[in-house]
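Listed below, chain by chain, are the residues.
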Amino acid sequence: MDKYAVFGNPISQSKSPFIHQQFAEQSGQALQYNAIKPEHDDFCAAVKYFIASGAKGCNVTAPYKEQAYKLATTLSKGAELAGAVNTLTFNENGTIIGDNTDGPGLVEDLKANNANLQGRILLIGAGGASRGVIKPLLDCMPEKLVIVNRTEAKAKALAERFKSYGNIEALSQESLVLEAGFDIVINSTSASLFNELPSVPTQIFTNNTLAYDMAYRNEPTIFCQWALDNNSAKAVDGLGMLVGQAAVAFEIWRQVMPETKSVLANLRAELI
Ligand code: ATR
C-alpha cells in the first residue's frame, strides 16, 4: 500500500490523517497516511528514513516547512516564492519535489465561499502564513491586494518581493482608515491563537466583506466574531483551508482532486 504521512512537532493534534483517509475512501484508493513526530527534532533524518521505507510523499507542518524547502531537490514556483514547503513528493529516481499547497488551499476555500477574488483584498500579517498565500491570491487578479502588518517593514518587504506578480501594496495599520472597505479581509497573523485581535480599524469591513481567519476553533474565532460584530457579510475560519491544502496535495500525489465539502463537514462535526 502506498505510504504517506504528515511531519510536525507537535503532531498529535493533526487532522491530516483523518482528511487524507476520507479522501482515499471517497476516491476508492488504498493508501496509508500517518502522523510522524521526528525523533530528536531531526526532520531530515526522519524524512530520509521514511523515503527508504518506500514512502511516496509527505505533508509538512510547523516547525519544519523551511527545512522541507531546503530538502527538496526541485521546487514548484509557488514553493520557491513562499520560501516554504508543505508537500513533498518522492520520486523513484531519488528526486524530491517540493510544493506549497497552502495558498491554493486558501483560494479553493475562498471560491467555495463565493468570495470576490477579483475585488479588493486585505491581507493582515506578514509572516510565513502570509508569504505562502500571496502569489496564489495575485494569480486570481484582484483589483488590489493590500498587505498590512504590526511590524510595517515586513509588509513592505513582502510587497516588494511580489510586486511583479500583480497589484500589491503595503500600508500602515493607521492608514487603513483612509481606504474604502475590502471585499475580502484575511487574517494570517497568529493573533487568534492567543485570543488577540490585530490592530486594524473596523472601516476595513463593509456589508459585502467576507472575513477569513486562517486560524480555526470549535467556535467562531475572536477575529471572525469581531468581523461579524462590525458589519461583515460573512466570516469563515481556516478549517476549509486546511482541507483545501490537503486536497491539492492529494491531487499532486494521486492525480485525483477529491471532493472537499463533505470532508469539511465531517471534520467540523469532529471538532465539536
Ligand atoms: P506564521 O509563520 O504562522 O505566519 P510568524 O512568521 O511568526 O508566523 O508570523 C506571525 C505573524 O502574526 C506576524 O505578521 C506577526 O506580526 P509581527 O511581524 O509584527 O510580529 C503577527 N502577529 C502575531 N501576534 C500578533 C498580534 N497580537 N497582533 C498583531 N499581529 C500579530
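Structure shown above.
Residues numbered from 1 in each chain as written. Predicted model: local features only at pLDDT ≥ 70, side-chain atom pairs only at ≥ 80, totals over all residues. Heavy atoms only, no water.

Colleague: Residue-level account of the overall build of the protein, with values.
Modeller: The helix and strand inventory of the protein stands at 10 helices and 12 strands. Taken against the 2.2 N^0.38 rule, which gives 19 Å for 272 residues, the C-alpha radius of gyration of the protein at 18 Å falls within 12% of a compact globule. Along the longest, intermediate and shortest principal axes, the C-alpha atoms of the protein span 55 × 40 × 35 Å. Looking at the protein as a whole, 51% of its 272 residues qualify as buried. Considering only residue pairs separated by 6 or more positions, the protein has 68% of its internal contacts joining residues 24 or more positions apart. Element-wise, carbon and sulfur atoms account for 49% of the exposed surface of the protein, whose accessible area totals about 12,400 Å². (Helix = DSSP H or I, 4+ residues; strand = E, 2+ residues; numbered from the N terminus. Rg over C-alpha atoms; globule rule 2.2 N^0.38 Å. Buried < 20%, exposed > 50% of the residue type's maximum accessible area, 1.4 Å probe, protein only. Contact = heavy atoms within 4.5 Å. Areas by Shrake-Rupley, 256 points an atom, 1.4 Å probe, with all protein chains shown as cover.)

Colleague: Lay out the site of the ligand with the relevant residues and their values.
Modeller: If you check the shell around the ligand, you find 14 residues, and the closest are N149, R150, T151, K154 and E196. Interatomic distance of 2.9 Å between a side-chain N/O atom of R150 and an oxygen atom of the ligand. Contacts to the ligand include E196, whose side-chain N or O atom sits 2.6 Å from a nitrogen atom. Out of a free accessible area of 640 Å², the ligand has 71% covered by protein chains. Counted by class, the shell around the ligand contains four nonpolar, seven polar and three charged residues. (Near = heavy atom within 4 Å. Polar contact = N/O pair within 3.5 Å; in protein donor to acceptor, adjacent residues only side chain to side chain. Nonpolar A, V, L, I, M, F, W, Y, C, P; charged D, E, K, R; others polar.)

Colleague: Explain unusual backbone geometry to me, and be specific about the residues and the numbers.
Modeller: Cis rather than trans, the peptide bond between N9 and P10 has omega equal to 5°. Along the polypeptide, P10 turns up in the loop between strand 1 (2-7) and helix 1 (16-26). Cis geometry is found at the peptide bond from A62 to P63, where omega equals 5°. Take P63: it is sitting in the loop between strand 3 (57-60) and helix 3 (65-71). For N231, which is not a glycine, the phi torsion comes out positive at approximately 90°. In this structure, N231 sits in the loop between helix 8 (222-229) and strand 12 (234-237). For N231, a relative accessible area of 45% puts it in the partly exposed group. For Q255, which is not glycine, the phi torsion reads 60° and is therefore positive. As for its position among the elements, Q255 is in the loop between helix 9 (239-254) and helix 10 (261-271). Here Q255 falls in the exposed class, since its relative accessible area comes to 64%.

Colleague: Give a detailed account of the nonpolar core, specifying residues and quantitative values.
Modeller: L106, L110, I134, L137, I147 and I186 are the most contacted members of the largest nonpolar core, which has 29 residues in total. I147 has contacts with L123, G125, A126, S130, I134, A155, L158, A159, I168, E169, A170 and L171, leaving out every residue within four places of it along the chain. (Core = buried A, V, L, I, M, F, W, Y, C linked by side-chain atoms within 4.5 Å.)

Colleague: For the pattern of salt bridges, give the residues involved together with the corresponding values.
Modeller: Applying the stated criterion across every chain yields a total of 12 salt bridges. The salt bridge involving D102 is made with K65; its shortest N-O contact spans 2.8 Å. With D102 in helix 5 (residues 102-112) and K65 in helix 3, this pair connects stretches of sequence that are 37 residues apart. Exposure remark for D102: the relative accessible area of 14% places this residue in the buried category. (Salt bridge = Lys/Arg side-chain N within 4 Å of Asp/Glu carboxyl O.)

Colleague: Can you break down the sheet that holds strand 2 (residues 31-36) residue by residue, with the values?
Modeller: Strand order across the open sheet formed by six strands is 2-1-3-5-6-4, with mixed pairing between neighbours. The sheet is open, and its two borders are formed by strand 2 and strand 4 (74-75), each paired with just one other strand. When strand 1 meets strand 2, the two strands line up parallel, connected through six bridges. Bridged to K3 within strand 2 is Q32. Where helix 1 meets the sheet, its contacts fall on strand 1, strand 2 and strand 3, and the angle it forms with strand 2 comes to roughly 175°. (Pairing = 2+ DSSP bridges. Axes fitted to C-alpha atoms, helices over the stretch in contact; angles between N-to-C directions.)

Nothing here speaks to function; it is all geometry.
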